[in-house]
Amino acid sequence: MADIDAVKETPKKHYYENIPMTSPGFSLRGAGSLDWGMKNRLAHIFSPETSRTVMLAIDHGYFQGPTTGLERIDLQIVPLMPLADAIMLTRGILRTTIPPALTKPVVLRCSGGPSILKELSDEELAVDIEDAVRLNVCAVTLQVFIGGEYETRSVHNMTRLVDLGLRYGIPTMAVTAVGKIMTRDAQYLRLACRICAELGAHVVKTYYCPEGFETVTASCPVPIVMAGGKKLPEKEALTMAYNAIQQGAAGVDMGRNIFQSEAPKAMMEAIRQVVHKNLKPAEAYDLFLTLKQKAAK
Ligand code: 5RP
């Protein structure tokens with residue numbers, strides 16, 4: 001016989017009729033109208049406390065093979081992962097090398113095709129969205145080559161990926177790839193980031209520029225995360241990350257400046273403090289040196 005106690009009217013039930021029900025808000029830039037699954041995935045990537053992220057990019061092998069610092073991801077990178085808010089990588093590395101018990105959100109590289117030996121903008125979508133679902137990823141990502149030889153194709157790759165992701169509640173992060181002849185200035189980055197957001201990207205990853213970066217973030221209606229770019233001395237990389245955050249970036253997605261550092265764990269920790277605690281560059285560099293020394297003992 002069915003247990004009907006739960007539906008019996010008793011004086012103990014509380015309906016709180018006088019307290020209006022609140023609708024939970026979602027503060028991430030541009031994400032207010034997204035569906036629950038999208039928001040939930042974004043909330044895994046962007047800390048709900050700061051609305052910022054420290055993403056570790058290790059997908060370089062998809063076009064340049066075993067990059068310096070990524071020769072043995074199991075040995076060099078897996079130990080860093082607990083310090084990242086999210087990891088950006090290919091499905092090949094995910095399946096072969098990353099422990100499935102890792103609970104960090106995955107941002108899956110979904111474009112590919114040309115190697116460093118060919119025209120890099122000649123990319124296609126290289127992952128089926130169903131595989132992204134199988135891999136339980138929190139976002140999909142690809143390059144967009146504004147001004148590049150295959151500009152239109154790369155933009156259409158992005159719009160297709162956005163549409164596929166929308167079917168399953170998976171957000172898309174567009175990476176504004178800067179071709180050989182393009183200058184990484186604010187005018188170009190504003191153009192590239194805005195196009196990606198207008199055409200549906202939920203997050204845009206782009207490079208920092210010393211002049212006018214705040215106009216790039218201000219004119220982009222979705223969160224911008226800063227790409228690290230080529231390896232810099234640690235103090236310069238920390239300063240660049242600090243400036244990007246203070247000028248409106250919602251975090252960083254750094255690779256070489258972390259895994260090619262003399263002390264990758266110390267660098268990750270220093271970057272975390274810059275992103276989530278607004279630690280100033282000089283103090284972040286001191287922290288880096290202290291942690292590096294400790295690790296050497
Ligand atoms: C490739 C990418 C990479 O993930 C990213 O640019 C690499 O990070 P970094 O530049 O910090 O090494 O999107 O184009």
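Reading guide: rules and limits
- Residues numbered from 1 in each chain as written.
- Predicted model: local features only at pLDDT ≥ 70, side-chain atom pairs only at ≥ 80, totals over all residues.
- Axes fitted to C-alpha atoms, helices over the stretch in contact; angles between N-to-C directions.
- Helix = DSSP H or I, 4+ residues; strand = E, 2+ residues; numbered from the N terminus.
- Parallel < 35°, antiparallel > 145°, perpendicular 65-115°, else oblique.
- Left-handed = near helix turned anticlockwise from the far one by under 90°.
- Contact = placed C-beta atoms within 7 Å.
- Nonpolar A, V, L, I, M, F, W, Y, C, P; charged D, E, K, R; others polar.
- Expected span 1.5 Å × (residues − 1).
- Buried ≥ 20, exposed ≤ 12 C-beta atoms within 10 Å, placed from the backbone.
- Arc of directions from axis to C-beta.

1. Some thoughts on the packing of helix H11 (residues 264–277) against helix H12 (residues 281–296)
Moving on, step 1. Contact geometry of H11 with H12 gives a least axis separation of 8 Å together with a crossing angle of 150°. Relative to H12, the element H11 lies roughly antiparallel. Between H11 and H12 lies a crossing of right-handed hand. Packed against H11, whose contacting residues are Lys-265, Ala-266, Met-267, Glu-269, Ala-270, Gln-273 and Val-274, the element H12 presents Ala-284, Leu-287, Phe-288, Leu-291, Lys-292 and Ala-295 at the interface.
Moving on, step 2. Looking at the contact of H11 with H12 residue by residue, the class counts come to 9 nonpolar, 1 polar and 3 charged.

2. Considering H12
Moving on, step 1. Between its terminal C-alpha atoms H12 stretches 22 Å, which fits the 22 Å expected from 16 residues at 1.5 Å a residue.
Moving on, step 2. For H12, the full list of buried residues reads Ala-284, Tyr-285 and Phe-288. In an axial view of H12, the angular spread of the buried residues amounts to 100°, which keeps them on one side of the axis. Of the residues in H12, the exposed ones pointing more than 90 degrees away from the buried face are Ala-282, Gln-293 and Lys-294.

3. Considerations on helix H9 (residues 234–246)
Moving on, step 1. Over its 13 residues, H9 extends 18 Å from the first C-alpha to the last, a length consistent with the 18 Å expected when each residue adds 1.5 Å.
Moving on, step 2. Regarding H9, the residues found buried are Glu-234, Ala-237, Leu-238, Met-240, Ala-241, Tyr-242, Ala-244 and Ile-245.
Moving on, step 3. Close packing links the buried residues of H9 with helix H8 (213–218), strand S9 (224–227), strand S10 (251–254), helix H10 (256–259), H11 and H12.
Moving on, step 4. Of the residues flanking the end of H9, it is Gly-248, one or two places downstream, whose phi is positive at about 105°.

4. Some remarks on unusual backbone geometry
Moving on, step 1. At Ser-51, a position not held by glycine, the phi torsion is positive, near 60°.
Moving on, step 2. Summarising the element assignment, Ser-51 is placed in the loop between helix H1 (36–45) and strand S1 (53–57).
Moving on, step 3. Since 17 C-beta atoms lie within 10 Å of it, Ser-51 is described here as partly exposed.
Moving on, step 4. Its identity is not glycine, yet Asn-278 carries a phi of approximately 55°, on the positive side.

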